[in-house]
Amino acid sequence: MGSSIRQDGEYIIYGMFSSYFTKKLEAYFLAKGIAYRYVEMDAPSFVQVGEKVGVVQLPQVQCPDGSWLTDTTLIMEHFEQDKSLPALQPEQPLAAFLSEFLEDCFDEWLWTPALYYRWAFKMDRLRRSEEFTYSIGANGLYLPRFLNRLFLIWRQLQVHIKNNGVVSKAHARNVEEFYLQLLDMLQPIFEKRPFLFGERPCAADFGLFGPMFPHFSCDPTPQEIMHVRAPHVFRWIARLWSTRPAEVSAAAEIKEMPEDLQPLLAKMAGEYLPYLVENQKAFSRDDKSTSYALGGLQWQVKTAPYRVYCLAQLQTKFQRLSVADQAACESLLGRQAISILTAQPQYPAGMEQITASQPLKGDDKQLLTRLWQDDNTPVEKLFENRLKRRPSKAAVEIKRQGTSWLPHYFRRYRA
């Protein structure tokens, strides 16, 4: 796969309308000024593109030269190397590390509440399951649409509720409260300034945007909560989605981390990093599940190889900071966090040198999931193999302001 940055043609984002990471990357491309077209994936294209790249995840990016990029964090790092485009990362090493730290926290630690709010409540899951039958679930199971919807709901409740450790009312309440606390922490920040670190967005903003836009601000239940409890967060979402390169270039560069981010940093460090340590320990023991304590509860989740990589990356980046910057992090993240970040990074085999253009690959017979897991049931593997051969109906679209683009569902059923 090629790794050069090409600006002589448009990129193609293969994604899903309501996808956490698709919207994160689209917002980044729009703010960065990277021309792209879009493909709303159906079931066959999801598997077939994953086979080309080596991992089944959303989104995937095809470059003008035909090569592929994957993993939104690595894709953003890839494009930040191009100095001809507006910079969307702080130059100060400490601020840059803290932005990347928050981006990783938002990518991974907000995954459970985002998926919980989407599937735990009937109104939300009815909306999304109906939508999914026209997008990622389309052209998959040859069943009546209502049966496809019921299957999707059953699968999502298993994968994104139960497998994420939400197995009791106490666990559910903990996840619900996390979202409320997050809104309460973000509301005063966005009341004072347009973005997390200042006048222009950075990696932390795009990481937060993933769960905040397609999930919390669009799914009915968390949306209504946000509208009332944190209207400035809702305004930040619209602001970031509408940000373009000229506005970025005109905004002051990020010089340092604002002091009022400390409570948010401390909360993420105190919860997410200890979990990453337990996940790493479970992975080293070849345990399929990870146990950790949080909020007076014991949680049991699937061990995620990708998050072993996330911890090693955070440790590597932290240890590149100057001694003074590392010392400054202790008051921001806490002593426990520093003890974790100063530990020797332990990259699983094959993960040290991955890039957006050269991701970790599964074997030829089984594709890896977003978290680099290979745990599909025999029935799922059979279905996946059939999808590799089934023609996709997904098509490239120009989806941007100033075009006549309309959603597939609307085009099909409009009066």
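Residues numbered from 1 in each chain as written. Predicted model: local features only at pLDDT ≥ 70, side-chain atom pairs only at ≥ 80, totals over all residues. Heavy atoms only, no water.

Chemist: Break down the layout of surface pockets for me, citing the residues and quoting the values.
Modeler: Here the second largest pocket is characterised by a volume of approximately 860 Å³. E40, Y134, S135, H408 and Y409 are, among the 32 residues lining the second largest pocket, the residues nearest its centre. Taken together, the elements giving at least two residues each to the lining of the second largest pocket come down to strand 2 (36–40), helix 6 (122–132), helix 7 (145–161) and helix 18 (408–413). In terms of residue class, the lining of the second largest pocket is built from 13 nonpolar, seven polar and 12 charged. (1 Å grid on protein atoms, 1.4 Å probe; cavity = no way out; pocket = protein on both sides within 12 Å on 5 of 7 lines; lining within 4 Å. Points joined across faces, edges and corners; volume = space filled by probe spheres on them. Helix = DSSP H or I, 4+ residues; strand = E, 2+ residues; numbered from the N terminus. Nonpolar A, V, L, I, M, F, W, Y, C, P; charged D, E, K, R; others polar.)

Chemist: Can you tell me about the packing of helix 1 (residues 20–32) against helix 4 (residues 93–109), naming the residues and giving the values?
Modeler: The interhelical angle for the contact between helix 1 and helix 4, taken along N-to-C directions, is 150°, at an axis separation of 11 Å. Relative to helix 4, helix 1 is oriented roughly antiparallel. Judged by the twist between their axes, the crossing of helix 1 over helix 4 is right-handed. For the pair helix 1 and helix 4, the contacting residues are Y20, F21 and K24 in the first and E103, F106 and D107 in the second. A breakdown of the residues in the contact of helix 1 with helix 4 according to their chemical character gives three nonpolar, no polar and three charged. (Axes fitted to C-alpha atoms, helices over the stretch in contact; angles between N-to-C directions. Parallel < 35°, antiparallel > 145°, perpendicular 65-115°, else oblique. Left-handed = near helix turned anticlockwise from the far one by under 90°. Contact = heavy atoms within 4.5 Å.)

Chemist: I'd like a rundown of the nonpolar core, residues and numbers included.
Modeler: Formed by 124 residues in total, the largest nonpolar core has its most connected members in F29, F101, F197, M212, M268 and L333. The leading source of residues in this core is helix 8 (residues 169–192), at 10 residues. The residues contacting F101, other than those within four sequence positions of it, are L265, M268, A269, L273, L314 and L333. (Core = buried A, V, L, I, M, F, W, Y, C linked by side-chain atoms within 4.5 Å. Buried < 20%, exposed > 50% of the residue type's maximum accessible area, 1.4 Å probe, protein only.)

Chemist: Lay out the side chain of S67 with the relevant residues and their values.
Modeler: Looking at the secondary structure, you find S67 in the loop between strand 3 (60–62) and strand 4 (68–70). Given a relative accessible area of 8%, S67 falls into the buried group. A polar contact is formed between the side chain of S67 and the side chain of D65, at a distance of 2.7 Å. (Polar contact = N/O pair within 3.5 Å; in protein donor to acceptor, adjacent residues only side chain to side chain.)

Chemist: Lay out the packing of aromatic side chains with the relevant residues and their values.
Modeler: Tallying each qualifying case throughout the model produces 33 aromatic pairs. Ring plane angle 70° and centroid distance 5.6 Å describe the contact between W119 and F132, whose orientation is recorded as edge-to-face. With W119 in helix 5 (residues 111–119) and F132 in helix 6, this pair connects stretches of sequence that are 13 residues apart. Each member of the pair, W119 together with F132, is buried. The cationic tip of R145 hangs over the ring face of Y134; the distance from NZ or CZ to the ring centre is 3.8 Å. (Phe/Tyr/Trp six-rings, centres within 6.5 Å; stacked < 30°, edge-to-face > 60°. Lys NZ or Arg CZ within 6 Å of the ring centre and 35° of its normal.)

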